[in-house]
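# Topology and contacts: notes
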Amino acid sequence: MALLKVKFNQKKRVKLAQGLWLMNWFSVFAGIIVFSMGLFLKIELRKRSEVMDNSESHFVPNSLILMGILSCAFNGFAGKICYDSLDPAKFAKWKPLLKPYLALCFFFNILLFFVALICFLMRGSLESTLAQGLKNSMKFYRDTDTPGRCFMKKTIDMLQIEFKCCGNNGFKDWFEIQWISNRYLDFSSKEVKDRIKSNVDGRYLVDGVPFSCCNPSSPRPCIQYQVTNNSAHYSYDYQTEELNLWGRGCREALLHYYSSMMSSMGAVVLLVWLFEMSVMVGLRLLHTSLESITNPEDPECESEGWILENSLKDTLKSALESLKKIGKFNQVEAGAEGAEGEEAGKTPAITTVS
């Protein structure tokens, strides 16, 4: 029994073809949207590539760009088929291509669904990429005189101001690295010497943060140095008082920004996938309804359209049997080749009588 069998007359076939033609051009527009989303996400990731550990996160925008291009190509081609299906003479040239085209559409929709899921599942990979990238970038904050790294201070400062964040996980991350350049340290000062000698790596560590960590909304002037020294500031307790520094780490801020963006994009791609699936189903009904016309000379006669010629269970069963036959055929060929090799390896014994 065929799956989703529908009866069609000429009027219904024409309406289906016209509706599918319109839907395919809407799908082309949806493909442009998917392509644009991928391009926008790629640009946003490129903007902050310096604070990311690797380029793995570019898999999502690259996939969106590819799916957008394929969607435009597939649906533009399908729109042409639907338009030509109104004329039996023009449709005849497309008949041999429809089954392979529908198979390609099926695999395209699987890939599109996979890309939509990846948009929702990339949070873990993105989190590790940001955590390691920010950690490495903060180490280069002081290298304002080093070629290739002189821009890092500006990048980190602009990042912390824009996203209202401080450090990797929080402002205390700045206590663990030397973020002040040696160029601005007085090495004749006893305080500087003591601080450098106080750790095995010989770094100048302070309980302070860059100016970009300061919250301009705080009524109190920014306390960016001696953050943990209560006696250095009047009426101040860093453990109980709300600091006038950004409390959120930049990893969390960037992760929330990109995750929410990719989740929204994933929802859009899912909607496009549902639309693409409906177009594919409609095209299959149109294809089978035109093929099942009993009298081609009478275009007004009734016909039947279906999704699968047999039930889903029978279709899966026949597909498995076909795969088994292919496997057995390959085994037989391999066995035959092995037997031929053995026969070729055997040399007849020749006795020479002198």
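Given the structure is predicted, the values throughout are model-derived calculations rather than measurements. (Residues numbered from 1 in each chain as written. Predicted model: local features only at pLDDT ≥ 70, side-chain atom pairs only at ≥ 80, totals over all residues. Heavy atoms only, no water.)

## Here's the deal with the packing of aromatic side chains
- Applying the stated criterion across every chain, the model contains twelve aromatic pairs.
- Residues Phe 106 and Phe 107 carry aromatic rings whose centres are separated by 5.8 Å and whose planes lie at 70 degrees to one another, so their mutual orientation is edge-to-face.
- Residue Phe 107 is classed as exposed on the basis of its relative accessible area, which comes to 54%.
- These aromatic residues form a ring-pair network of at least three members: Phe 74, Phe 77, Tyr 101 and Phe 108. (Phe/Tyr/Trp six-rings, centres within 6.5 Å; stacked < 30°, edge-to-face > 60°. Buried < 20%, exposed > 50% of the residue type's maximum accessible area, 1.4 Å probe, protein only.)

## Quick look at the packing of helix α6 (residues 152–163) against helix α8 (residues 250–291)
- Viewed as axis vectors pointing N to C, α6 and α8 meet at an angle of 65 degrees, and their least axial separation amounts to 10 Å. Relative to α8, the crossing made by α6 is left-handed. Contact residues: Leu 159, Gln 160 and Phe 163 in α6; Cys 250, Ala 253, Leu 254 and Tyr 257 in α8.
- Broken down by class, the residue content of the contact of α6 with α8 amounts to six nonpolar, one polar and no charged. (Axes fitted to C-alpha atoms, helices over the stretch in contact; angles between N-to-C directions. Helix = DSSP H or I, 4+ residues; strand = E, 2+ residues; numbered from the N terminus. Left-handed = near helix turned anticlockwise from the far one by under 90°. Contact = heavy atoms within 4.5 Å. Nonpolar A, V, L, I, M, F, W, Y, C, P; charged D, E, K, R; others polar.)

## Observations regarding the UniProt feature "transmembrane region" (unreviewed entry) in the protein chain
- Here the UniProt-annotated "transmembrane region" (unreviewed entry) positions come out as residues 20–41, 62–81, 101–122 and 255–275.
- Between the first and last C-alpha atoms of residues 62–81 the distance is 29 Å; the span itself is 100% helix and 0% strand.
- Its end C-alpha atoms 31 Å apart, residues 101–122 is made of 95% helix and 0% strand. (UniProt positions renumbered as here; feature names shortened; annotations may be inferred.)

## Remarks on a nonpolar patch on the surface
- On the surface, Trp 21, Leu 22, Trp 25, Phe 26 and Tyr 83 cluster together into a nonpolar patch covering about 550 Å² of accessible area.
- Leu 22 gets classed as partly exposed once you look at its relative accessible area, which sits at 45%. (Patch = residues over 30% accessible without salt bridge, like charges linked within 9 Å, V, L, I, M, F, W, Y side chains within 5 Å. Areas by Shrake-Rupley, 256 points an atom, 1.4 Å probe, with all protein chains shown as cover. Salt bridge = Lys/Arg side-chain N within 4 Å of Asp/Glu carboxyl O.)

## A word on the side chain of Lys 42
- Here Lys 42 shows up in helix α1 (residues 10–47).
- Filtering out sequence-adjacent residues up to four positions away, Lys 42 remains in contact with His 58, Pro 61, Asn 62 and Ile 65.

## Let's talk about the nonpolar core
- Among the nonpolar cores identified, the biggest contains 77 residues, and Leu 41, Leu 64 and Trp 174 are the most heavily contacted of them.
- Elements that contribute at least two residues to this core include exactly α1, α2 (59–84), α4 (95–121), α5 (123–139), α6, α7 (190–197) and α8.
- Top contributing element to this core by residue count: α8, with 15 residues.
- Viewed by domain, this core spans two of them, domain 1 (3–137 + 252–296) and domain 2 (171–247), each represented by three or more residues.
- Once residues lying within four places of it in the same chain are set aside, the contact partners of Trp 174 are Met 138, Tyr 141, Ile 156, Gln 160, Cys 166, Gly 167, Trp 179, Val 206, Gly 208, Val 209, Pro 210 and Cys 213. (Core = buried A, V, L, I, M, F, W, Y, C linked by side-chain atoms within 4.5 Å. Domains from an automatic or database assignment.)

## Side note on the pattern of salt bridges
- Overall, the coordinates contain nine salt bridges when judged by the stated rule.
- Ionic pairing is found between Glu 44 and Lys 47, a salt bridge with its closest N-O pair at 3.0 Å. With Glu 44 and Lys 47 both in helix α1, this residue pair falls three residues apart, about one helical turn.
- Residue classification places Glu 44 among the buried positions, given a relative accessible area of 6%.
- In this structure, Arg 48 and Glu 44 form a salt bridge, with 3.3 Å as the shortest nitrogen-oxygen distance.
- When its relative accessible area of 9% is taken as the criterion, Arg 48 is described as buried.

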